[in-house]
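Each chain is listed here by its residues.
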Amino acid sequence: MINQLVDKIKKTQAPIVVGLDPMIDYVPKKILEKAIKEQGETLEAAGTAIWEYNKGIIDAVSDLIPAVKPQIAMYEQFGIPGLTAFKKTVDYCKEKGLVVIGDVKRGDIGSTSTAYANGHLGSVQVGSAVCRGFDEDFITVNPYLGTDGVKPFVDVCKQEKKGIFVLVKTSNPSSGEFQDKMVDGKPLYELVGEYVAKWGEDCMGDAYSYVGAVVGATYPEMGKVLRKIMPKTYILVPGYGAQGGTAKDLRPYFDEDGLGAIVNSSRGIICAYKQEKYRSFGEDNYADASRQAVLDMKEDLASIF
């Protein structure tokens, strides 16, 4: 799958992943009101509205980008109907030829970690049938429990030819409370980066490992160091746009050929119609606003190469 991701990035010339992280107040009134009229003020209506909202954005941008990243918490808050919307979103994105990165940030040990990996990347046996759960192409993984917590995911990745992105240096303001602490003379995030590189050594694609890393756009100097520590690791970069990361901050995350990283934007794209810059599109044309935001982001990123 890492080879497919790289190929799609080359084809679209857009190292962009759109974060499908819907909140109910992001959904245009017409979509939400229709769902409520049909299903009442229920979680089912919320799930339906979110799915319709997502579908509009996917249809508008799928030819421009290589990948999407639905954040599962934004769906879980609406219970089972929300998870149904998550699954429908994953399946539809794959039908449209997009690589799907499930932002689930799972991490545990032993059979529990294996169960997470099977549920999101692999399969389970039900009688004589092999059944797949959410079936994303990649997921994000929390390494706090160490190798015991990551190895089950890597094992499933090997079996399925899928991938993970391990949290190394996250974009949030308080990430340094733990991630920047010195351990054996180096910051903890560097130590995690070394482990990511090691975990990925025996599950390589053509040029990059199935084991990727999450490194926030808000810490470009750290990104520069981590790029050197993890030369065969694809980097998923959150924090661009709404969180303050800029295009000029991103150059250190990429290799000389412009590969090696993919940049996430969530609110900046899916809520573009609410921004002053795109307000002229209007609420009914929210998906067209999202498409223009992708085009603008693509142009912005191209300026750094």
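The coordinates are above.
Before going into details, it helps to say that this report is about the structure given with it. All values reported here derive from a predicted model rather than from experimental measurement.

## Overview of the overall build of the chain
Stage number 1. The helix and strand inventory of the chain stands at 13 helices and 12 strands.
Stage number 2. Computed over the C-alpha atoms, the radius of gyration of the chain is 19 Å, within 12% of the 19 Å expected from 2.2 N^0.38 for a compact globule of 305 residues.
Stage number 3. Looking at the chain as a whole, 52% of its 305 residues qualify as buried.
Stage number 4. Counting only contacts in the chain whose residues sit at least 6 apart along the sequence, the fraction spanning at least 24 positions is 73%.
Stage number 5. Accessible surface, the chain: about 13500 Å² in total, of which carbon and sulfur atoms supply 52%.
Stage number 6. Across the chain, the centroid of the 36 positively charged side chains sits 2 Å from that of the 41 negatively charged ones.

## Here we look at the sheet that holds strand β12 (residues 261-265)
Stage number 1. What the eight strands build is a closed barrel, ordered β1-β2-β3-β6-β7-β10-β11-β12; its pairing is parallel.
Stage number 2. Pairing of strand β3 (residues 99-106) with strand β6 (residues 138-141), which is carried by three bridges, proceeds in the parallel orientation. Bridge pairing in β6 places G102 opposite I139.
Stage number 3. Together, β7 (163-169), β10 (211-215) and β11 (235-237) form the strand contacts of helix α10 (residues 220-229), whose direction differs from that of β7 by roughly 130°.

## Details of the packing of aromatic side chains
Stage number 1. The final tally for this structure, using the stated rule, is 10 aromatic pairs.
Stage number 2. Measuring from centroid to centroid gives 4.7 Å for Y208 and Y234, while their planes differ by 80°, and the two rings are edge-to-face. Here the residue Y208 occupies a position in the loop between α9 (188-199) and β10, and Y234 occupies one in the loop between α10 and β11, the gap between them amounting to 26 residues.
Stage number 3. For Y208, a relative accessible area of 7% corresponds to the buried category.
Stage number 4. Classification of Y234 as buried rests on a relative accessible area of 1%.
Stage number 5. Among the aromatic side chains, those forming a connected cluster through ring pairs are Y53, Y273 and Y286.
Stage number 6. Residue placement shows K169 over the ring face of Y219; its charged tip is 4.3 Å from the ring centre.

## Some details on the environment of E283
Stage number 1. If you trace the backbone, E283 turns up in the loop between α12 (267-270) and α13 (286-302).
Stage number 2. A relative accessible area of 29% places E283 in the partly exposed class.
Stage number 3. Taking the C-alpha atoms as reference, E283 lies 52 Å from G185; in sequence the two are 98 residues apart.
Stage number 4. When neighbours within four sequence positions are excluded, E283 is seen to be in contact with P28, K29, K30 and Y273.

## Concerning the environment of K186
Stage number 1. Following the sequence through the fold, K186 ends up in strand β9 (residues 186-187).
Stage number 2. Apart from residues no more than four positions distant in its own chain, K186 is found in contact with K181, L191 and E194.
Stage number 3. Side-chain polar atoms of K186 contact the side chain of E194, separated by 2.7 Å.

About the criteria used
- Residues numbered from 1 in each chain as written.
- Predicted model: local features only at pLDDT ≥ 70, side-chain atom pairs only at ≥ 80, totals over all residues.
- Heavy atoms only, no water.
- Helix = DSSP H or I, 4+ residues; strand = E, 2+ residues; numbered from the N terminus.
- Rg over C-alpha atoms; globule rule 2.2 N^0.38 Å.
- Buried < 20%, exposed > 50% of the residue type's maximum accessible area, 1.4 Å probe, protein only.
- Contact = heavy atoms within 4.5 Å.
- Areas by Shrake-Rupley, 256 points an atom, 1.4 Å probe, with all protein chains shown as cover.
- Lys, Arg positive; Asp, Glu negative; His and termini not counted.
- Charge placed at Lys NZ, Arg CZ, Asp CG, Glu CD.
- Pairing = 2+ DSSP bridges.
- Axes fitted to C-alpha atoms, helices over the stretch in contact; angles between N-to-C directions.
- Phe/Tyr/Trp six-rings, centres within 6.5 Å; stacked < 30°, edge-to-face > 60°.
- Lys NZ or Arg CZ within 6 Å of the ring centre and 35° of its normal.
- Polar contact = N/O pair within 3.5 Å; in protein donor to acceptor, adjacent residues only side chain to side chain.

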